[in-house]
Amino acid sequence: MKIVNLKGKNDYIDIVLKNLKRHNDKLDTVKDSVKEIIDDVRKNKDRALLKYIEKFDGVKISSLKVEKSELKKAYDNLDEGFKAVLNEAKENITKYHSAQKYEHIDIDENDKRLTQKVTAIERVGLYVPGGKSPYPSTVLMDAIPAKVAGVREIVLITPPQRNGKPNSDILAASYIAGVDEVYLSGGAGAIAALAYGSETIKPVYKICGPGNLFVAEAKKQVYGDVDIDMIAGPSEILIIAGSDMNPKFIASDLLSQAEHDENACVVLVSESEQLVKKVLDEVEVQIKVLEKEDIARKALENFGICFITNDMDMSFDVSNAVAPEHLEVMLENPFDYVDKIQNAGSVFMGEYTPEPVGDYFAGSNHTIPTSGKAKFYSPYFSEPLPLFPQTYPSS
């Protein structure tokens, strides 16, 4: 990870943004290829989708549709411990998102009555990646809020594995979340199929879910014909850490995102040069035992950076300028600094609230804005779970 010392700098925001490469420019490199795929799917439908599955996923399949009975079968065959975790995650996610539901508005005054009726989108498509790391958690994070909102038809599309079948954990999670339809396809072709339909797939009205550059660019190109959640980039984490925080915890949480993707953005912000050095030493110790060491090392090399700041105000200025997908506030009495947080996708307060808890289990969503988009997309807010005890003021 690169170290940038901002102490005494007046133009430190410019320095921060210059040092942090953003990911959106890369979409232009696949723009023409994605348009060609979308046009092909619109014209040739199932035939084009099957062709791209063979080309990009390296497997021939005879049908795009996954029978609903396969979802129940995958659930029944799931490891009992993992099944319990997924079901408890479902409960947490349902509870959290139920609290976010829009309510009807009814204003009745004098001779005037104004109302607002809230209706759910009828049919929504969810894209779930199947590449380096298929995440059943993404199924829960995208399907459960749709279910809570009252969406009638939830459609999931995911690439096949090398054996021509979908990932069984994704199918099991689909069963738990109440997904109505599952199809096999990946990349830009899958997004085109959701947007415009095919002989097998009926089009949807909104597309949600993360993916690679081709998926992001495809969502960008179909937007307007359908709605989308956002243009999502690779994972990001920014940790604001005090000098007395545990460097082992900080290193672990930085690596939790670095192992996601070679282009993951990993940022540490601290006033303490000594802490930064301790964290970097600990990163080197922990990275050697990761299964995805190669991916994590590339992420740290490509987009890993430590900013050393004058004071806490500068630290939060840096964070708000970056507007990270995930922000950890690793400070004593972290809630004292809530008013300083302006731009972040999901916020984790205190030394005992690791970011992966939000990714998989706590209940707040992990499909959140990246690449600075938290400046205009609504964030979520995560507090410590009971199994991570920490005392804060009641206010």
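That block above? That's the structure.
Fair warning: this is a prediction, and the values are worked out from it, not measured in the lab.

K.L.:
Can you lay out the overall build of the protein for me, pointing to particular residues and giving the numbers?
P.N.:
The helix and strand tally for the protein stands at 14 helices and 15 strands. Against the 2.2 N^0.38 benchmark of 21 Å for 395 residues, the protein shows a C-alpha radius of gyration of 22 Å, consistent with a compact globule. Dimensions of the protein, computed from C-alpha atoms along their principal axes, come out at roughly 65 × 60 × 45 Å. The 395 residues of the protein split such that 51% are buried. A separation of at least 24 residues holds for 75% of the contacts in the protein among residues at least 6 apart in sequence. Of the accessible surface of the protein, which amounts to about 19000 Å², a share of 48% is contributed by carbon and sulfur atoms. Side chains of the protein give 47 positive and 61 negative charges; the mean places of these two sets differ by 6 Å.

K.L.:
I'd like a description of helix H1 (residues 12-19), backed by residues and values.
P.N.:
Among the residues of H1, those classed as buried are Tyr12, Ile15 and Val16. The buried residues of H1 occupy an angular sector of 100 degrees when projected down its axis, which confines them to one face. Contacts made by the buried residues of H1 are with strand S1 (2-5), strand S12 (304-308) and helix H13 (312-322).

K.L.:
So, the environment of Leu64: which residues are in play, and what are the values?
P.N.:
Among the secondary structure elements, Leu64 is positioned in the loop between helix H3 (46-57) and strand S2 (65-66). Taking the relative accessible area as the measure of exposure, Leu64 reaches 3% and is therefore buried. For the pair Leu64 and Ile53, spaced eleven residues apart in sequence, the C-alpha separation works out to 9.7 Å. Those residues in contact with Leu64 that sit more than four places away from it in its chain are Asp46, Leu49, Leu50, Ile53, Val182, Tyr183, Leu184 and Thr200.

K.L.:
Residue-level account of the packing of helix H8 (residues 187-196) against helix H9 (residues 213-222), with values.
P.N.:
The contact between H8 and H9 brings their axes to 7 Å, and the two run at 30 degrees. In terms of axis orientation, H8 runs roughly parallel to H9. Taken as a pair, H8 and H9 cross one another with a handedness that is right-handed. Residues Gly187, Ala188, Ile191, Ala195 and Tyr196 of H8 pack against Phe214, Val215, Ala218, Lys219 and Val222 of H9. Among the residues forming the contact of H8 with H9, the class breakdown is eight nonpolar, one polar and one charged.

K.L.:
Provide a residue-level description of the side chain of Asn167, including the pertinent values.
P.N.:
Checked against the element boundaries, Asn167 lands in the loop between strand S6 (153-158) and helix H7 (168-177). Looking at Asn167, its side chain comes within polar contact range of the main-chain nitrogen of Asp169, at 2.9 Å. Engagement of the side chain of Asn167 in a polar contact is seen with the backbone nitrogen of Ile170, the distance being 3.0 Å.

K.L.:
Can you lay out unusual backbone geometry for me, pointing to particular residues and giving the numbers?
P.N.:
Here the phi dihedral of Asn110 falls at roughly 55 degrees; this positive angle occurs in a residue that is not glycine. Looking at where Asn110 falls in the secondary structure, it is placed in the loop between strand S3 (105-109) and strand S4 (112-116). The phi dihedral of Asn333 falls on the positive side, at around 50 degrees, and the residue is not glycine. Residue Asn333 is classed as partly exposed on the basis of its relative accessible area, which comes to 38%.

K.L.:
Just give me the short version of a nonpolar patch on the surface, but keep the residues and values in it.
P.N.:
Together, Ile105, Ile107 and Leu114 give the surface a local cluster of nonpolar side chains, amounting to about 240 Å² of exposed area. Mapped onto the fold, Leu114 is located in strand S4. Taking the relative accessible area as the measure of exposure, Leu114 reaches 44% and is therefore partly exposed.

Reading guide: rules and limits
- Residues numbered from 1 in each chain as written.
- Predicted model: local features only at pLDDT ≥ 70, side-chain atom pairs only at ≥ 80, totals over all residues.
- Heavy atoms only, no water.
- Helix = DSSP H or I, 4+ residues; strand = E, 2+ residues; numbered from the N terminus.
- Rg over C-alpha atoms; globule rule 2.2 N^0.38 Å.
- Buried < 20%, exposed > 50% of the residue type's maximum accessible area, 1.4 Å probe, protein only.
- Contact = heavy atoms within 4.5 Å.
- Areas by Shrake-Rupley, 256 points an atom, 1.4 Å probe, with all protein chains shown as cover.
- Lys, Arg positive; Asp, Glu negative; His and termini not counted.
- Charge placed at Lys NZ, Arg CZ, Asp CG, Glu CD.
- Arc of directions from axis to C-beta.
- Axes fitted to C-alpha atoms, helices over the stretch in contact; angles between N-to-C directions.
- Parallel < 35°, antiparallel > 145°, perpendicular 65-115°, else oblique.
- Left-handed = near helix turned anticlockwise from the far one by under 90°.
- Nonpolar A, V, L, I, M, F, W, Y, C, P; charged D, E, K, R; others polar.
- Polar contact = N/O pair within 3.5 Å; in protein donor to acceptor, adjacent residues only side chain to side chain.
- Patch = residues over 30% accessible without salt bridge, like charges linked within 9 Å, V, L, I, M, F, W, Y side chains within 5 Å.
- Salt bridge = Lys/Arg side-chain N within 4 Å of Asp/Glu carboxyl O.

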